[in-house]
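Take a look at the letters that make up each chain.
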Amino acid sequence: MLSTARSYLFNSVLSARVADGTWCVPQPGDVLNLEGTASRFAATEIDDSLLARAEAGDLHPTGPLWGRGRLESSGEVAERETRIAAGCPDLADGLVQAGASHERRPLRLRLKEPEWRTEGDAAWLSFSLPRGAFATSVLRELFRHPTLV
């Protein structure tokens, strides 16, 4: 249940950022994750270098996995995350009371080993995902945005 509560709050933050187009674009106050690593850093200011690295997929904005401890994000990013969590006080407070530690996860991911092929009327898609990612979410986005395929 704790994982479900954390996922719900994370997905709420992600949905808000998808809605305003900032899910893959670093914002002042974001915590950025280096592709393929657990390394992350706070970005209080965003320059052209960070924007280019994000566009190239070298780094990704992150969202909160709610729990005890302080948010690593700051400014408007932290305000949004806090506001979203405050909208679900039972979940946010329950995670803190249960002893879950605050963590972060990238708001986007890169498919590993993607493969797409057709056989007659059938299409085959295969890929690998990092821990904590869900293939159903990837498929939903592909069907929602068919120009990606």
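Heads up: the structure comes first, above all this text.
Report on the accompanying structure. No experiment lies behind these values; they were computed from the predicted model shown. (Residues numbered from 1 in each chain as written. Predicted model: local features only at pLDDT ≥ 70, side-chain atom pairs only at ≥ 80, totals over all residues. Heavy atoms only, no water.)

On to helix α3 (residues 75-86), then. With twelve residues, α3 ought to run about 16 Å at 1.5 Å a step, and its terminal C-alpha atoms sit 16 Å apart, in line with that. Looking only at α3, the buried set comprises Val77, Ala78, Arg80, Glu81, Ile84 and Ala85. One face of α3 carries all of its buried residues, which in axial projection span an arc of 160 degrees. In α3, the exposed positions that point more than 90 degrees away from the buried face belong to Glu76, Glu79, Arg83 and Ala86. Tucked inside the fold, the buried residues of α3 contact α1 (2-20), β1 (30-34), β3 (59-65), α4 (89-97) and β4 (103-106). (Helix = DSSP H or I, 4+ residues; strand = E, 2+ residues; numbered from the N terminus. Expected span 1.5 Å × (residues − 1). Buried < 20%, exposed > 50% of the residue type's maximum accessible area, 1.4 Å probe, protein only. Arc of directions from axis to C-beta. Contact = heavy atoms within 4.5 Å.)

This next bit is on the layout of surface pockets. Taken as a whole, the largest pocket spans an internal volume of roughly 1,900 Å³. Along the wall of the largest pocket there are 50 residues; nearest its centre are Pro106, Leu107, Arg108, Leu109 and Ala133. Counting only elements with at least two residues in the lining of the largest pocket, the list comes to α1, β1, β3, β4, β5 (112-119) and α5 (135-144). In terms of residues, the lining of the largest pocket owes the most to one element, α1, which gives eight residues. The residue makeup of the lining of the largest pocket, split by class, is 22 nonpolar, 13 polar and 15 charged. Roughly 170 Å³ of volume is contained in the second largest pocket. Forming the walls of the second largest pocket are Arg17, Asp20, Thr22, Gln27, Pro28, Glu76, Val77, Glu79, Arg80 and Arg83. Secondary-structure elements contributing two or more residues to the lining of the second largest pocket are α1 and α3. Here the lining of the second largest pocket gets five residues from one element, more than from any other, and that element is α3. Class assignment of the residues belonging to the lining of the second largest pocket gives a composition of two nonpolar, two polar and six charged. (1 Å grid on protein atoms, 1.4 Å probe; cavity = no way out; pocket = protein on both sides within 12 Å on 5 of 7 lines; lining within 4 Å. Points joined across faces, edges and corners; volume = space filled by probe spheres on them. Nonpolar A, V, L, I, M, F, W, Y, C, P; charged D, E, K, R; others polar.)

Attention now moves to unusual backbone geometry. For Glu113, which is not glycine, the phi torsion reads 55 degrees and is therefore positive. With respect to the helices and strands, the residue Glu113 is situated in strand β5.

Packing of α1 against α3 brings their axes to within 9 Å, and their N-to-C directions diverge by 130 degrees. With respect to α3, the element α1 is oriented oblique. Crossing of α1 over α3 shows right-handed handedness. Counting all contacts with α1, which are made through Leu9, Ser12, Val13, Ala16, Arg17 and Asp20, the residues of α3 involved are Val77, Arg80, Glu81, Ile84 and Ala85. Residues that form the contact of α1 with α3 fall into these classes: six nonpolar, one polar and four charged. (Axes fitted to C-alpha atoms, helices over the stretch in contact; angles between N-to-C directions. Parallel < 35°, antiparallel > 145°, perpendicular 65-115°, else oblique. Left-handed = near helix turned anticlockwise from the far one by under 90°.)

By themselves, these observations are geometric and do not establish any function.
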